[in-house]
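Take a look at the letters that make up each chain.
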Amino acid sequence: MNFDFSEEERSFRREVEEFAKAELPPDWDEKALYWPAGYGTLPGLEEEFKEFHDELLLKLGKRGWLSIGWPSEYGGMNSMVKHAILDDVMSYHRAPPGDVSTAIGGPTIAKVASDEMKREWLPRIARGELRFWLGYSEPNAGSDLASIKTRAVDDGDDFVVNGQKIWSSGAHIADYAWLLAKTDPGAPKYRGETIMLVDNRSPGITIRPLENICGIHSFNEVFFDDVRVPKKNVVGNVNQGFYSVMLALQYERLFVGVGAFRRILDELVAYVKETKSNGRLLADDALVRNKLASMAIEIEVVSGFYWRTAWLMDQGTIPDLESSMLKLFGTELSRTLAGVAMEILGPAGQLKRGSKWAPLRGLVNLGYMDSVSGPIGAGTSEVQRGIIATRGLGLPRK
Amino acid sequence: MMNFDLTEEQKLLKESARNFLSRECPRDLVRTLEEGKEFPPELWRKMTDLGWTGLIIPGEYGGSGGSFLDLAILFEEIGYHICPGPLFTTVVLGALPVMAWGTPEQKEDILPKIAGGERIMTLAVDEPGAYRRASSITAKASTAGDGFVIDGTKLFVPDADRADLLLCAARTGADEEEITLFIVEKDAPGITITPLQTLAGDRQFEVVFNGVPVKKERILGEPDRAWPIIEDIHRKATVILCAEMIGGAQAVMDMSLEYARERTQFNRPIGSFQAIQHHFANMLADISGSRYLFLKAAWKISEGRDASMDAAMAKARVGEAYRRVTILGHQIFGGIGFTKEHDMYLYHERSMTGDLKFGGADLHRARVAEELGL
Ligand SMILES: Cc1cc2nc3c(=O)[nH]c(=O)nc-3n(C[C@H](O)[C@H](O)[C@H](O)COP(=O)(O)OP(=O)(O)OC[C@H]3O[C@@H](n4cnc5c(N)ncnc54)[C@H](O)[C@@H]3O)c2cc1C
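Residues numbered from 1 in each chain as written. Chains lettered and ligands numbered in written order. Predicted model: local features only at pLDDT ≥ 70, side-chain atom pairs only at ≥ 80, totals over all residues. Heavy atoms only, no water.

Together, M2, F4 and Y292 of chain B make up a nonpolar patch on the protein surface, roughly 430 Å² of accessible area in all. If you trace the backbone, Y292 of chain B turns up in helix α8 (residues 274–302). (Patch = residues over 30% accessible without salt bridge, like charges linked within 9 Å, V, L, I, M, F, W, Y side chains within 5 Å. Areas by Shrake-Rupley, 256 points an atom, 1.4 Å probe, with all protein chains shown as cover. Salt bridge = Lys/Arg side-chain N within 4 Å of Asp/Glu carboxyl O. Helix = DSSP H or I, 4+ residues; strand = E, 2+ residues; numbered from the N terminus.)

Here's what the structure looks like:
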């Protein structure tokens, strides 16, 4: 056993640190709102940051950092641990480390797609030219994805898609939908769905913004009305989309923004060292110390889940159990941390961004709202517990 | 003899409040108020006509002389509908202290107008970085002629913009507890009111006092001796706030129940999943247990008994219970609850801000520890 990073990994971390310092605008901290393991305040999803993010992706791509986790035959570095380091550092700085296309789509394509598709898409994704959004959920199909109604009907060289997606994070700033659609309605559950890449500019697509409870436009409803999708855009085999989804979800669940946890902890520690309440430094208050200490411990636990999951991926294992534990634990901790942070800030915690009295730029009350989303998005906590119990521990399903 | 029932009048009050609020204060209205719209004057008038502003004010001052427990029961319904508006500040932070400590002249001057809905009153105690402690009040009242002038900055003053009268705590002596409460006209020269942008959009303000003159007849209670009064105001306010929070938690559970019966996944209502059923069991136990605490505290206050321990226990537990219940509610609603189109966020915000107001759970547990003789 060895908990150390290698010298190479350490120097990579330093490189990323320098990159972040050089590339993030000086006022980034004022602008970027990012709560660890939340899905509603990611700067990568906001229209306001699109241009900046697009450019950042190209820069990351130039360094080969968007494909670090991929197998080397597709231009990757074969290291999920390094990919995780990138995410750790970038999320510490509240900056997006990549995109759905690079973190979820790319590695999945590398595993399941045809050679032709890999040749066509992977290099472009690795360069940071393309952005994806995840088109799984529908109004009546959330946890039960197999009950989706969006239909893709075989029509010569194309599929013709009709239906509606919802909670489509970043659909408004992305280029392609990573779309799950029914291709065989008669097939047994989980056997009749297909993943395909759909150009956002295709005729027949309408994107309607939804405002989340943080007051941010991060997700959307998307309507498909006779949208033609070339068959060559199918990812993996027709009717085997669920296999790809399961794989993709493991990559998705790796990204809880571990650095963002460390960041907010650092900021809270700094805050209590310089803030007095009732004439007394908060840092000297035993209760405050106790709360921050237990958060530090829990954050260390998340890190354990995080690095172990990435390492397992590098060992060629499919970390079903670990990625679900990471996701469950990380998102629930995100919520606890938001509550604890509000308790520490006291009444001033309710002051929003812009108020001269607002501590930590009003970030914490925003995080309190956003932290609700973590245990829901990317598979709810109830669903994760089910996966852990059945797939992970082999308990009976019924 | 023990009796956990409400009286017939209380049941009637509760029912009529619920009917009225679901009709007159729908969540759509709450939403627009949160975005900064004025509380509708006609709604305030209707609340006044129902006798809510005068509910606990004695008959001789134009009220109906109800009990503190009655007020708590009313506020559980207000919390259920998260109906904002200056009733809490005016009645709990204004009328109650005047009833308890006002001179006959002050009572005659203020109480009938509050009962009639013509006066809005609020409380200005907290200061930046200073909460719930006498020693940390730095706003100062200096003698000037036969009165005083007040200087200082107050934070988190609810409804200050609409208020006619502010009950302001200021230091009048060097000793820790030498604090005096003044009834200040909002329009007095030297007062600047700035809105604070808060999580729940609930109209809290920064109020700066810059040489604000106040006559000595406007002292509430005795000079230099206001701290126990402030403690008592806070004690009563926390109990009423607990009532509001439990009402809110109940609403979250009711909304979630309705949804869990209808929403299907995997061809079953989600309410049939054991995971979800356990959430509900936890919610109900949390709410019922907490309701017992605040009702007992409210009852003791109504009986004129010491409720220090009970109020502290209630506030410590209810705030956290409301947060737990709301989070479970969110969990049950899934994605739909994370949008501004759904009402859940209104409750989620209030569960957090309610827990923080008048001291968070930690502070009240510290009180409980003191009451235990620690
Ligand atoms: C901020 C945010 C961003 C999102 N981004 C995307 C995105 O980009 N793309 C996308 O496709 N989707 C996205 N989602 C959708 C997300 O994946 C779904 O919300 C989630 O899977 C839950 O589905 P639902 O909302 O329909 O809730 P439901 O599935 O209706 O669940 C309601 C409740 O029932 C419970 N439940 C359901 N089934 C079971 C069961 N078998 N056992 C026990 N309990 C159960 C759930 O746990 C939950 O508590 C996002 C969601 C959020 C909140």
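A few words now on the packing of aromatic side chains. Residues and elements named next belong to chain A. Evaluation of the coordinates by the stated rule reveals 22 aromatic pairs over all chains. Feature note: the residues W121, F132, Y176 and W178 constitute an aromatic cluster, connected by ring pairs. A cation over a ring is seen here: R13 above F5, with NZ or CZ 5.8 Å from the ring centre. Between the NZ or CZ atom of K82 and the centre of the ring of F12, over which it lies, the distance is 5.2 Å. (Phe/Tyr/Trp six-rings, centres within 6.5 Å; stacked < 30°, edge-to-face > 60°. Lys NZ or Arg CZ within 6 Å of the ring centre and 35° of its normal.)

Residue and element names in this part refer to chain B. It is the contact of helix α7 (residues 227–262) with α8, at a shortest axis distance of 9 Å, that shows an interaxial angle of 155°. Judged by the inter-axis angle, α7 sits roughly antiparallel to α8. The way α7 lies across α8 gives a crossing that is left-handed. Seen from α7, the contacting residues are K236, V239, C242, A243, I246, A249, Q250, M253, S256, L257 and A260; seen from α8, they are I276, F280, M283, L284, I287, S290, R291, F294, A297, A298 and I301. For the contact of α7 with α8, the residue count by class is 17 nonpolar, three polar and two charged. (Axes fitted to C-alpha atoms, helices over the stretch in contact; angles between N-to-C directions. Parallel < 35°, antiparallel > 145°, perpendicular 65-115°, else oblique. Left-handed = near helix turned anticlockwise from the far one by under 90°. Contact = heavy atoms within 4.5 Å. Nonpolar A, V, L, I, M, F, W, Y, C, P; charged D, E, K, R; others polar.)

Our next topic: the environment of E8 of chain A. Mapping E8 of chain A onto the fold places it in helix α1 (residues 7–23). When the C-alpha positions of E8 of chain A and K82 of chain A are compared, they lie 9.5 Å apart, and in sequence the two are 74 residues distant.

Residues and elements named next belong to chain A. With 17 residues, helix α8 (residues 258–274) extends 25 Å between its outermost C-alpha atoms, agreeing within 8% with the 24 Å of an ideal straight helix rising 1.5 Å per residue. Inspection of α8 places V258, G259, A260, F261, R263, I264, L265, E267, L268, Y271 and V272 among the buried residues, and these make up the whole buried set. Where α8 is buried, its residues meet α2 (28–31), α4 (80–92), β10 (280–281), α9 (286–314), α10 (320–345) and α11 (363–370). (Expected span 1.5 Å × (residues − 1). Buried < 20%, exposed > 50% of the residue type's maximum accessible area, 1.4 Å probe, protein only.)

This next bit is on the side chain of R323 of chain B. Relative to the helices and strands, R323 of chain B is located in helix α9 (residues 308–333). If near-sequence neighbours (up to four positions away) are discounted, R323 of chain B is found in contact with G339, V340, E343 and Y368 of chain A together with S351, M352 and D355 of chain B.

Quick look at the site of the ligand now. Near the ligand lie 28 residues; those nearest to it are S143, W167 and T380 of chain A together with R263 and Q331 of chain B. The site occupied by the ligand is bordered by residues of chains A and B. S137 of chain A is positioned with one of its backbone polar atoms (N or O) 2.7 Å from an oxygen atom of the ligand. In this structure, an oxygen atom belonging to the ligand sits 2.7 Å away from a main-chain N or O atom of G335 of chain B. About the coverage of the ligand: the protein hides 92% of its 970 Å² of free accessible area. Looking at the shell around the ligand, the elements with two or more residues in it are α8 and α9 of chain B. (Near = heavy atom within 4 Å. Polar contact = N/O pair within 3.5 Å; in protein donor to acceptor, adjacent residues only side chain to side chain.)

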